[in-house]
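# Chains, contacts and geometry: an overview
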Amino acid sequence: MRILILCDLEGTAGVVDFKTQTYDGGRDNEQAKYLATLEINALIDGAMEGGATDPIVLDGHGSGGINIEHIHREARVIFGRPRGSAWEMGLTFEAQFLYGHHAMENTPDGVLCHSWSSRSIANCWLNDELIGEIGFNIAHAGEVGVPTVFVSGDRAAVDEARRYVPDIEGVVVKEGLSRTAALSLSPTKARDLIQEGARKAMGRIGEIAPYTIPSPYIFATEYQSADSAEARAAREDVERVDTHTVKITGDTIAEISKKRR
Ligand SMILES: [Zn+2]
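## A word on the overall build of the protein chain
- Along the protein chain, the regular secondary structure elements total seven helices and twelve strands.
- Relative to the globule expectation of 18 Å for 261 residues, the C-alpha radius of gyration of the protein chain, 17 Å, shows essentially globular dimensions.
- For the protein chain, the spread of C-alpha atoms along the principal axes amounts to about 50 × 40 × 30 Å.
- Put simply, the protein chain has 261 residues, and 53% of those count as buried.
- In the protein chain, the share of contacts with a sequence separation of at least 24, taken over all contacts with a separation of at least 6, comes to 68%.
- With 27 positive and 39 negative side-chain charges, the protein chain shows a separation of 2 Å between the mean positions of the two kinds.

Shown next, in the form of structure tokens:
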């Protein structure tokens, strides 16, 4: 029973700041990664209690979000860049777990909310609907027939996931007070809840349908600066929409994912 654990760093208990915690080289970045790794290990313990036998961890945080030294001994880990998506590796997965995710940019009280890049992107749309990493990752898995059964993060992240998968097993580890402040569980309590949630999520496999969005796809990206949009539009598969916005088209989410790299 192989599962994919797609990991980010912004949705970890105790993590609320970009500069000191989630950006590479930040003063507390190593501590944040360690806290995330312990939560991921709890997730793996719970999933294995629920029947998972081959947990594969994909480190999806841009600059790296796990501490490899401390990762669960039964996990195999995909990390480093450049790389394709998990769905391009020729492996099959029974389910996707979204660990430590964050809401899309401009979400009220979304802790560390952003859409792919906190430093350059303002908004993203898929077929005219605002979308962030949570929705995109759920749809990407759904396209290859894989259900997303678990999400952890702040309240806004779990709410966002439930828009796509109402029955998803969601673990809220902090309540946003602003984009960079939260009322957080202690790391040890968060681990307990994540372990329990992951065990329960294994029981949802077969109950939760893979989520899909009808094709074809238009993916639009509004940048914070016109310069970024101009640079991006220099690529031949990218079309300029207005000063700050570009779009790409594709018949599959996988194609959109490739063109966005
Ligand atoms: Zn991240």
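This is not the end of the story, as more comes after the structure.
## Quick word on the nonpolar core
- Formed by 72 residues in total, the largest nonpolar core has its most connected members in Ile5, Phe97 and Phe150.
- Looking at this core element by element, the count peaks at six residues for helix H2 (residues 29-49).
- Of the residues that make up this core, three or more belong to each of domain 1 (2-116 + 130-211) and domain 2 (215-261).
- Setting aside chain neighbours within four positions, we find Phe97 in contact with Ile3, Leu4, Ile5, Leu6, Leu43, Ala47, Val149, Phe150, Ala198, Ala201 and Met202.

## Description of the pattern of salt bridges
- The tally for this structure, following the rule as stated, stands at 13 salt bridges.
- Note that Glu88 is salt-bridged to Arg261, the shortest N-O span being 2.6 Å. Of the two residues, Glu88 is situated in the loop between strand E3 (76-78) and strand E4 (95-101) and Arg261 in the segment after helix H7 (253-259); the sequence distance between them amounts to 173 residues.
- Exposure remark for Glu88: the relative accessible area of 37% places this residue in the partly exposed category.
- For Arg261, a relative accessible area of 40% puts it in the partly exposed group.
- Put simply, Arg199 and Glu196 hold a salt bridge, and the shortest N to O gap is 2.9 Å. Taken together, the residues Arg199 and Glu196, both in helix H5 (residues 187-202) and three residues apart, mark about one turn of the helix.

## Focus on the coordination of the zinc ion
- For the zinc ion, the protein coordination sphere consists of Asp8 (OD), Glu10 (OE), Glu10 (OE) and His61 (ND1), at 2.0 to 2.6 Å.
- One can describe the donor arrangement at the zinc ion as irregular, given that its four donor atoms subtend angles of 53 to 134° at the metal.
- In primary-sequence terms, the residues that donate to the zinc ion follow D-x1-E-x50-H.
- Relative accessible area serves as the criterion here: at 5%, Asp8 is assigned to the buried category.

## Description of the domain arrangement of the protein chain
- Entries for the protein chain in the domain assignment read domain 1 (2-116 + 130-211) and domain 2 (215-261).
- A C-alpha centroid distance of 26 Å is found between domain 1 and domain 2.
- Counting residues at the interface gives eleven residues for domain 1 and eleven residues for domain 2.
- Note on domain 1 versus domain 2: buried area summed over both sides is about 780 Å², and carbon and sulfur give 59% of it.

## Quick word on H5
- The end-to-end C-alpha separation of H5 is 23 Å, in line with the 22 Å expected for 16 residues at 1.5 Å each.
- Looking at H5, one finds that the buried residues are Ala190, Ile194, Gly197, Ala198, Ala201 and Met202. Buried residues of H5, seen end-on, are gathered within an arc of 130° and therefore sit on one face of the element.
- Among the structural elements, strand E1 (2-7), H2, E4, strand E7 (148-154) and strand E8 (169-178) are those in contact with the buried residues of H5.

## Regarding the sheet that holds E3
- Reading across from one edge, E3-E2-E1-E4-E7-E8-E9 is the order of the seven strands in this open sheet, with mixed pairing throughout. A single partner strand is all that each edge strand has here, and the edge strands are E3 and strand E9 (181-184). With direction set aside, neighbouring strand axes in the sheet form an average angle of 25°.
- With six bridges joining them, E1 and strand E2 (residues 54-59) adopt parallel strand pairing. Residue pairing across strands places Ile3 opposite Pro55, the latter belonging to E2.
- Along the sheet, H2 makes contact with E1, E2, E4 and E7, crossing E4 at roughly 155°.

## Here's the deal with the side chain of Lys33
- Mapped onto the fold, Lys33 is located in helix H2.
- Given the relative accessible area of 11%, Lys33 is considered buried.
- Here Lys33 is in contact with Leu9, Gly64, Gly65, Ile66 and Asn67, once residues within four sequence places are set aside.

Quick notes on the rules
- Residues numbered from 1 in each chain as written.
- Predicted model: local features only at pLDDT ≥ 70, side-chain atom pairs only at ≥ 80, totals over all residues.
- Heavy atoms only, no water.
- Helix = DSSP H or I, 4+ residues; strand = E, 2+ residues; numbered from the N terminus.
- Rg over C-alpha atoms; globule rule 2.2 N^0.38 Å.
- Buried < 20%, exposed > 50% of the residue type's maximum accessible area, 1.4 Å probe, protein only.
- Contact = heavy atoms within 4.5 Å.
- Lys, Arg positive; Asp, Glu negative; His and termini not counted.
- Charge placed at Lys NZ, Arg CZ, Asp CG, Glu CD.
- Core = buried A, V, L, I, M, F, W, Y, C linked by side-chain atoms within 4.5 Å.
- Domains from an automatic or database assignment.
- Salt bridge = Lys/Arg side-chain N within 4 Å of Asp/Glu carboxyl O.
- Donors = N, O, S within 2.8 Å, 3.2 Å for Na, K, Ca; no water.
- Tetrahedral: all angles 85-135°; square planar, octahedral: opposite > 155°, others 65-115°.
- Buried area = accessible area lost by both parts, 1.4 Å probe.
- Expected span 1.5 Å × (residues − 1).
- Arc of directions from axis to C-beta.
- Pairing = 2+ DSSP bridges.
- Axes fitted to C-alpha atoms, helices over the stretch in contact; angles between N-to-C directions.

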